[in-house]
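# Report on the structure
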Amino acid sequence: MKTLWFKQCYVSPILSGEKTDTIRRDSDRLPVPGEIVAFSVGPRPAFCRVKIVKRELIDLAQLKNARRREVLGIYADESGPMARLTFRVLDTPTPS
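Quick look at the structure, then. (Residues numbered from 1 in each chain as written. Predicted model: local features only at pLDDT ≥ 70, side-chain atom pairs only at ≥ 80, totals over all residues. Heavy atoms only, no water.)

With that settled, consider the side chain of Arg-24. Note on placement: Arg-24 falls in strand β2 (residues 21-25). Asp-21 provides the closest opposite charge to the buried, salt-bridge-free Arg-24, at an N-O distance of 9.4 Å. Within the local environment of Arg-24, its side chain forms a polar contact with the backbone oxygen of Trp-5, the two atoms lying 3.0 Å apart. Excluding residues within four positions of it along the chain, Arg-24 makes contact with Leu-4, Trp-5, Phe-6, Leu-30, Tyr-75, Met-82, Ala-83 and Leu-85. (Helix = DSSP H or I, 4+ residues; strand = E, 2+ residues; numbered from the N terminus. Buried < 20%, exposed > 50% of the residue type's maximum accessible area, 1.4 Å probe, protein only. Lys, Arg positive; Asp, Glu negative; His and termini not counted. Salt bridge = Lys/Arg side-chain N within 4 Å of Asp/Glu carboxyl O. Polar contact = N/O pair within 3.5 Å; in protein donor to acceptor, adjacent residues only side chain to side chain. Contact = heavy atoms within 4.5 Å.)

If you want it as structure tokens, here you go:
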């Protein structure tokens, strides 16, 4: 199972359903629609599993300013294709 890493600040919005997508540099390694993926904060245990619903190439220039700044704060530039992965949370691990 593939794992995508997130900053800690995104955990609550993902688990609450407020955040339902992520923008990443496009790559053959990105998950595809239908794939189940683990989300974690760095190399820690996963905080949830999701199903990828949609994968689309996007133009950062067409994003709303706040979202564009957020993405550029992570990637620092706009070179290369970017993809938006839309996901649906399936479950969260139960504490041991």
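Summed over all chains, the structure comprises 4 aromatic pairs. Geometrically, the ring pair formed by Phe-6 and Phe-39 is tilted, given 4.4 Å between the ring centres and 45° between the ring planes. Note that Phe-6 is positioned in the loop between β1 (2-5) and α1 (11-16) and Phe-39 in strand β3 (residues 36-40), a separation of 33 residues in sequence. Across the pair, exposure class does not vary: Phe-6 and Phe-39 are buried alike. Where Phe-39 meets Phe-87, the ring centres are 4.9 Å apart and the plane angle is 85°; that geometry is what we call edge-to-face. With Phe-39 in strand β3 and Phe-87 in strand β5 (residues 82-91), the pair connects residues that are 48 residues apart, well separated along the chain. Judged by its relative accessible area of 0%, Phe-39 falls in the buried class. The exposure class assigned to Phe-87 is buried, which follows from its relative accessible area of 5%. Among the aromatic residues, those joined into a cluster by ring pairs are Phe-6, Phe-39, Phe-47 and Phe-87. Residue placement shows Lys-19 over the ring face of Tyr-10; its charged tip is 4.9 Å from the ring centre. Its guanidinium or amino end placed over the ring of Phe-6, Arg-24 lies 4.7 Å from that ring's centre, counting from NZ or CZ. (Phe/Tyr/Trp six-rings, centres within 6.5 Å; stacked < 30°, edge-to-face > 60°. Lys NZ or Arg CZ within 6 Å of the ring centre and 35° of its normal.)

Coordinates in, geometry out; function isn't part of it.
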